[in-house]
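Summary of the model geometry
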Amino acid sequence: PLRQLLTAIDDNGLAIPSITFNGGRTLTLQEITDNLVESMDLVFRVLIGDIKEKTKINGIKVRDLRNYKAGKALFMNTEGLPDGSALYGIVANSHSVAVGGFGGSDNNCTADGEDLTINGVTISGLRLNVNEIPGLYFDKCCNPDDPPTT
């Protein structure tokens, strides 16, 4: 949606909106997009071994780049724990493998999901890292005169 918004702004010859963050720092939506992409690219390149944290880009080690540090904090799973809001030891779906989210399987027969027996199983030590990421709302981007909705 952010890239679509930027494309629509460009196609219509509009000025790119800015966002002022807590503390007074102001960035345009294009700057936010560019920073996110650079952060993701740097973290990805380090993770796949394309570059190392000690590699220098424009004379600065990757580990010291502002966007790498921000990207590492946001995107890198340094704890090695699953990231999400729930963790299951076993997911028993009513029909075949449990992929596609809950409710993603057809339940066409009355016996689907019935008579499951699991014996001699112990599930323990499940741990989870919940990483909450704040959202941006662009409710005033189309019409700055609209009242805020957030």
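The following refers to the structure shown. (Residues numbered from 1 in each chain as written. Predicted model: local features only at pLDDT ≥ 70, side-chain atom pairs only at ≥ 80, totals over all residues. Heavy atoms only, no water.)

A word on the packing of helix H2 (residues 29-47) against helix H3 (residues 66-75)
Selection rule: Simply put, an axis is a line fit to the C-alpha atoms, just over the touching stretch for a helix, and the angle between two N-to-C directions goes from 0 to 180 degrees. Each helix corresponds to a stretch of at least 4 residues labelled H or I by DSSP, and each strand to a stretch of at least 2 residues labelled E; elements are numbered beginning at the N terminus. Oblique is the label for any angle not covered by the other classes, which are roughly parallel (under 35 degrees), roughly antiparallel (over 145) and roughly perpendicular (65 to 115). Only heavy atoms matter for contacts: two residues are in contact if any of them lie within 4.5 Å across the pair.
At a minimum axis distance of 8 Å, the contact between H2 and H3 shows a crossing angle of 75°. The orientation of H2 relative to H3 falls into the category roughly perpendicular. Touching Asn35, Leu36, Glu38, Ser39, Met40, Leu42, Val43 and Val46 of H2 are Arg66, Asn67, Tyr68, Gly71, Lys72, Leu74 and Phe75, all from H3.

Section: helix H1 (residues 2-11)
To be explicit about the condition: Each residue is placed in one exposure class: buried if its accessible area under a 1.4 Å probe, protein chains only, is under 20% of its type's maximum, exposed if it is over 50%, and partly exposed if it falls in between. To obtain the arc, one takes the directions from the helix axis to the C-beta atoms.
Taken together, the buried positions of H1 are occupied by Leu2, Leu5, Leu6 and Ile9. Looking straight down H1, one finds that the buried residues subtend no more than 100° of arc, so they occupy a single side. Seen from the buried face of H1, the exposed residues on the opposite side, beyond 90 degrees, are Arg3, Gln4 and Asp11. Buried positions along H1 lie against H2. Positioned one or two residues after H1, Gly13 has a phi angle of 65°, which is positive.

Quick notes on a nonpolar patch on the surface
Applied cut-off: Only residues above 30% relative accessible area that lack a salt bridge enter a patch, with like-charged residues linked at up to 9 Å and the nonpolar side chains Val, Leu, Ile, Met, Phe, Trp and Tyr linked at up to 5 Å. In this description, accessible areas are obtained by the Shrake-Rupley approach with a 1.4 Å probe, and a residue is regarded as covered only by the protein chains that are shown. Should a side-chain nitrogen of Lys or Arg be within 4 Å of a carboxyl oxygen of Asp or Glu, the pair is scored as a salt bridge.
A cluster of nonpolar side chains, Leu87, Ile90, Leu116, Ile118, Val121, Ile123 and Leu126, forms an exposed patch at the surface whose accessible area comes to about 600 Å². Considering the arrangement of structural elements, one finds Ile90 in the segment after H3.

Remarks on the packing of H1 against H2
Rules: Take the far helix as your reference; a near helix turned counterclockwise from it by less than a right angle gives a left-handed crossing, and one turned clockwise gives a right-handed crossing. Three classes are used: nonpolar for Ala, Val, Leu, Ile, Met, Phe, Trp, Tyr, Cys and Pro, charged for Asp, Glu, Lys and Arg, and polar for all others, with Gly counted as polar.
Their axes nearest at 10 Å, the elements H1 and H2 cross at an angle of 140°. Considering their axes alone, H1 and H2 lie oblique with respect to each other. Judged by the sense of rotation from one axis to the other, the crossing of H1 with H2 is left-handed. Touching Leu2, Arg3, Leu5 and Leu6 of H1 are Leu29, Gln30, Thr33 and Val37, all from H2. For the contact of H1 with H2, the per-class residue count stands at five nonpolar, two polar and one charged.

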